Amino acid sequence: MLDIKLIRENPEAIRAGAEKKNEKCDIDLILQLDEQRRVIIRKVEALKAERNRVSGEIAKNKKTGNPAENAVAEMREVGKKIAVLDGDLRDVDAQLQIKLSWVPNMPHESAPVGKDEESNELVREWGEKPSFDFTPQAHWDLGEKLGIIDFKAAREVSGSGFYVLRGAGARLQRALISYMLDMHTDDGYEEVIVPHIVSSETMFGTGQLPKMADDMYHIESDDLWLIPTAEVPVTNLYKKQIIDEAQLPIHLVAHTPCFRREAGAAGKDTRGMIRVHQFDKVELVKIVHPENSYAALEDLVAQAEKVLQGLQLPYRVVNLATGDLSFASAKTYDLELWSAGVDRYLEISSISIFEDFQARRMGLRYRTADKKTVFPHTLNGSGVALARLIPAILENYQNADGSVTVPEVLRPYMKGAERIA
RNA sequence: GGAGAGGUGGCUGAGUGGUCGAAAGCGGCGGAUUGCUAAUCCGUUGUAGGGUAAUGCCCUACCCAGGGUUCGAAUCCCUGCCUCUCCGCCA
């Protein structure tokens, strides 16, 4: 959510920002509703002030036994006017809130301007792509031959877009989760376990609702939603709170499953576990002081990179173009992992700063020393997504005989196993 | 799921339909004082919206949420949500 005052004072900037993100929003209507709202407030509050004053007099007169019938009759009329205006105000305010909830966050000036991923900016590359003296296989072939990924069983159980890990495959995922959680908690992130099903209000807080409703699983009977990312429950842990400035920065890490309908992605990446309806992810969330939030973004990127560096996997860092940014994001870096079998980069982590957009939506504030309440900045980043990481490990660490070498840092978590064969 | 109780400011906890944004205590903040690791005393202490040049001032709203009754609601009525206790069910 953007501050209505900001929109009132800089309508052109907001319009331009939305345009850069390929988002539409009706700024003119918002300004009009905002003006209407304030006109009604001025009227109705003047009437309420009068009613309060006269009601006080009525009380006094009743006590001293003076007649008050005239005043009561008058106030009955004033009360009717107030009821009408209050109704108008509710309507206008509701309309305004809906329009406001559809205004995207402004892109940061350091996000490259462009309408789609073509304009993404390569920031840096790390590691070397592996070279093979044989033709590397894709993870779906490798995994099925090794008996560690079972797509057929997943289809039977749930339909397309799911996967089953077995044996060393399941073990590999658990090892990765432990490896990542250990790393992040060692670096000062607090581990949290959170609900995977959340309310509409919570989905609104981080900006998934209203825009992404069709991309998420909705449980109609209870009006609850399956989380598409741990960002949602973790950031909302502080919803509607005024926290102490001294509590900042807050660093959290959570492992959760993520559920995505992938409604608009029919036909894309249909093979393997690259685009699925459910996958696990380790997510990092930060709540920080506005003054150093962009430094916190760089730190968060480095934290996610550390996971890949530890695993010795080649990747590149990309600064997303404005048109590729999500609704709530001001700036996003993607980490893309090279995967030898599919011969392409896989987006494995997305690290974003939302400035105060999410905090304002969820009513999260902190109190300063001089007792002001301020919206902190929120950030999050995958650290990292398992359903992309496992394919990359299998493909990049594969051997000519179809076995897979276990990355060294994972061996302690795999009972010392050096290979999956 | 059934029965009962209840939801008041950072916390504890009062509150007869009118002078209650709300007693009191604790905590916090500011100050005074005492040489003894703290006590005592005084003051102050919520959030948001509107107006205004104004972090000041005025006004409005908020005692779980949403409706209603009334000139006037923390206080009465209805609905919902949540919490607690007991029973049932259950990993």
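Refer to the preceding data block for the structure.
Thresholds applied
- Residues numbered from 1 in each chain as written.
- Chains lettered and ligands numbered in written order.
- Predicted model: local features only at pLDDT ≥ 70, side-chain atom pairs only at ≥ 80, totals over all residues.
- Heavy atoms only, no water.
- Helix = DSSP H or I, 4+ residues; strand = E, 2+ residues; numbered from the N terminus.
- Buried < 20%, exposed > 50% of the residue type's maximum accessible area, 1.4 Å probe, protein only.
- Contact = heavy atoms within 4.5 Å.
- Areas by Shrake-Rupley, 256 points an atom, 1.4 Å probe, with all protein chains shown as cover.
- Lys, Arg positive; Asp, Glu negative; His and termini not counted.
- Charge placed at Lys NZ, Arg CZ, Asp CG, Glu CD.
- Pairing = 2+ DSSP bridges.
- Axes fitted to C-alpha atoms, helices over the stretch in contact; angles between N-to-C directions.
- Near = heavy atom within 4 Å.
- Polar contact = N/O pair within 3.5 Å; in protein donor to acceptor, adjacent residues only side chain to side chain.
- Nonpolar A, V, L, I, M, F, W, Y, C, P; charged D, E, K, R; others polar.
- Left-handed = near helix turned anticlockwise from the far one by under 90°.

**Notes on the overall build of chain A**
In terms of regular secondary structure, chain A is built from twelve helices and 16 strands. Taken along its principal axes, the extent of the C-alpha atoms in chain A is 100 × 45 × 40 Å. Among the 421 residues that make up chain A, the fraction classed as buried is 48%. In chain A, the proportion of contacts linking residues at least 24 apart, taken out of those at least 6 apart, comes to 73%. Taken as a whole, chain A presents about 20200 Å² of accessible surface, with 48% of it coming from carbon and sulfur. Computed over 54 positive and 65 negative side-chain charges, the inter-centroid distance for chain A is 6 Å.

**A look at the sheet that holds strand 8 (residues 278–288)**
Across the sheet, which stays open at both edges, the eight strands sit in the order 1-9-10-11-14-8-7-2 with mixed pairing between neighbours. Only two strands of the sheet have a single neighbouring strand rather than two, namely strand 1 (121–126) and strand 2 (190–192). Strand-to-strand twist of the sheet, defined as the mean angle between neighbouring strand axes without regard to direction, takes the value 25 degrees. Two strands pair when backbone bridges link them, and strand 8 and strand 14 (residues 377–385) are joined in this way by seven bridges, in the antiparallel orientation. Residue Ile287 lies in a different strand from strand 14, and its bridge partner there is Thr378. Running at roughly 5 degrees to strand 8, helix 7 (residues 168–186) makes contact with strand 2, strand 7 (250–259), strand 8 and strand 14 of the sheet. The strands touched by helix 10 (residues 293–310) within the sheet are strand 1, strand 8, strand 9 (315–319), strand 10 (331–339), strand 11 (344–353) and strand 14, with strand 14 carrying the most contacts at an inclination of about 10 degrees.

**Things to note about the protein's contact with RNA strand B**
The environment of RNA strand B is formed by 22 residues, the closest being Lys63, Arg76, Arg365, Arg367 and Thr373. Protein-adjacent atoms of RNA strand B, using a 4 Å cutoff, are sugar or phosphate at a proportion of 71%. Contacts to RNA strand B include Ser55, whose backbone N or O atom sits 3.2 Å from a base nitrogen. In the environment of RNA strand B, a sugar or linking oxygen lies 3.4 Å from a nitrogen or oxygen atom belonging to the backbone of Val72. If you tally residues by element for the surface near RNA strand B, the top one is helix 3 (residues 27–64), at 14 residues. Taken together, the residues of the surface near RNA strand B sort by class into six nonpolar, three polar and 13 charged.

**Focus: the packing of helix 2 (residues 11–20) against helix 3**
Between helix 2 and helix 3, the least distance of the axes is 10 Å, while the angle of their chain directions is 145 degrees. Between helix 2 and helix 3 the crossing geometry is right-handed. On the side of helix 2, the interface is formed by Pro11, Ile14 and Arg15, while helix 3 contributes Ile27, Asp28 and Leu31. Across the contact of helix 2 with helix 3, the residue classes break down as four nonpolar, no polar and two charged.

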